[in-house]
Amino acid sequence: MNIIDDLERRGLLDNYSDKEKIHKLFDTPQTVYCGFDPSAKSLQLGNFIMITILQRLQKAGHRVIAMLGGATGMIGDPSGKKAERKFLGADQVMENAEAIKAQLSKYIDTSDPNKGMILNNYDWWSKTNILTFLREYGKNFQVGYMLAKDVVKSRLEVGISYAEFSYMILQAGDFDRLYQDYHCTMQFGGGDQWGNLTTSLDFVKKKEGDDCGAEVFSFKLITDSQGRKFGKSESGALYLDPTMTSPYHIYQYFMNVSDSDVKKYLYIFDDRPIEEIDAIVKAHMEHPELRQGQKELARVIVTKLHGKEAADMCEKMSKALFSDSFSGLSAEALKELSESLTVVEEKDEISLLDALIALKLASSKREAREFVSAGAVKVNGVKVNDLNATLSAKNALEGGYIFVKRGKRLYAALKY
């Protein structure tokens, strides 16, 4: 199957410069690139969609290039921004770029440059002087053409600097450089990049001719069933770096997606054929209360991001909360588990009734007594009926955690 057909079936594709030409080009091996902005020291879950596309293209026999924006990251992409970005320091941009390069190396096969490469546009833009930039690049862009682009029009009222205004010229220069040096015929990005993508294509065709074989395409910006941007949680962005966002936090994010989002996300991230995914979704919808679709989705994502061992541990951690069994979990795993809960630090012995109030599992002593008397309270998975029970460090699991559960779902933790 042509890779474009598969991506379309998965509901990913948005715009094409020429759909028929792109489809025909992908009948033979091509070189394709996508850019990554080093605005932070880690990519986010939303970026992983683009990484997944690169992986799919590579598996289909095409050479892929992941482009680090070491130069463009110093300017700032105005796409989707309502105001001017603050400049990052040059050292910070380079540090971010190196960290992201290490991340991308986990997911893209760069063992053979004929299969995949990771490049940094700083390597050539840093050697381009201002006169060369204006003569070889600026001369080829009409201001009226640039003003007509949505990415610029949307910023004219609030203001856009010459630096951000010139971003699309730099991106166009990137495409031209990759076309010249690696015969890279295609560029893709998110739907919000369409203006930059088409500007790049126009520039390459102006220099190389309309029949040069260069094309661009974009992917839909993914939102959940509530219209919220994919990869954003209540606590902010979800990062691929496990020290910034734990694997368990990502696991829980997908465990909590709606039933209507399960199929969409499996289509995006699961490498299995669509027919197999449809069978998983069908089985899930027959008994949605079991959340089998969410479990499968969470397992697939964490395995792709952090490996099978991390996914197995996340599954074990998730089961611990629902099965009240914490045996076999390390101090690190218990710490991760606690991060999704209300945690109260404690030094001294505390009565179970006071602990329930402190952990917001009960609003008063009277209510706390009712919960305990009704057998609705568990401590580290064990039901406690004693109204005079106390908790202290000697009750704690590894790392000093005591997990207190009220009812079927409400959990909190004491930390000694």
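Residues numbered from 1 in each chain as written. Predicted model: local features only at pLDDT ≥ 70, side-chain atom pairs only at ≥ 80, totals over all residues. Heavy atoms only, no water.

A.B. asks: Hey, could you go over the packing of helix α12 (residues 247-255) against helix α15 (residues 292-306) for me, with residue numbers and the actual values?
C.D. replies: The N-to-C vectors of α12 and α15 enclose an angle of 150°; their axes lie 8 Å apart at closest approach. The angle between the axes of α12 and α15 places the two elements in the roughly antiparallel class. Two packed elements cross with a definite hand, and for α12 against α15 that hand is right-handed. For the pair formed by α12 and α15, the contact residues are P247, I250, Y251, F254 and M255 on the first element and Q294, K295, L297, A298, R299, I301, V302, L305 and H306 on the second. (Axes fitted to C-alpha atoms, helices over the stretch in contact; angles between N-to-C directions. Helix = DSSP H or I, 4+ residues; strand = E, 2+ residues; numbered from the N terminus. Parallel < 35°, antiparallel > 145°, perpendicular 65-115°, else oblique. Left-handed = near helix turned anticlockwise from the far one by under 90°. Contact = heavy atoms within 4.5 Å.)

A.B. asks: Run through a nonpolar patch on the surface, naming residues and quoting values.
C.D. replies: A cluster of nonpolar side chains, namely I130, L131, L134 and Y162, defines an oily patch on the protein surface of about 450 Å² accessible area. The element contributing the most residues to the nonpolar patch is helix α6 (residues 130-137), with 3 residues. Position of I130 relative to the elements: it lies in helix α6. (Patch = residues over 30% accessible without salt bridge, like charges linked within 9 Å, V, L, I, M, F, W, Y side chains within 5 Å. Areas by Shrake-Rupley, 256 points an atom, 1.4 Å probe, with all protein chains shown as cover. Salt bridge = Lys/Arg side-chain N within 4 Å of Asp/Glu carboxyl O.)

A.B. asks: Go over the nonpolar core, please, and point to the residues and values.
C.D. replies: With 73 residues, the main nonpolar core has L104, F188, F217 and F254 as its most contacted residues. Looking at which element gives the most residues to this core, the answer is helix α3 (residues 45-59), with 8 residues. Ignoring sequence-local partners within four residues, the contact set of F254 consists of L45, F230, Y265, Q294, L297, A298 and I301. In terms of nonpolar packing, the next biggest core, distinct from the first, is built from 30 residues, I65, W124, M168 and L178 among them. (Core = buried A, V, L, I, M, F, W, Y, C linked by side-chain atoms within 4.5 Å. Buried < 20%, exposed > 50% of the residue type's maximum accessible area, 1.4 Å probe, protein only.)

A.B. asks: Quick one: what's the story with the pairing of strand β2 (residues 31-36), residue by residue and with numbers?
C.D. replies: With respect to burial, β2 is a largely interior element, 5 of its 6 residues being buried. Inspection of the sheet shows β2 paired to strand β3 (residues 63-68) by 6 bridges, in the parallel sense. Each bridged residue has a counterpart across the sheet, and for V32 the counterpart in β3 is V64. Handedness of the crossover is the feature at issue here: the chain leaves β2, passes through α3, returns alongside β3, and the resulting connection is right-handed. Judged from the 2 bridges that link them, β2 and strand β5 (residues 186-190) form a sheet pairing that is parallel. If you follow Y33 over to β5, its bridge partner there is Q187. (Pairing = 2+ DSSP bridges. Right-handed = clockwise from strand over helix to strand, strands pointing away.)

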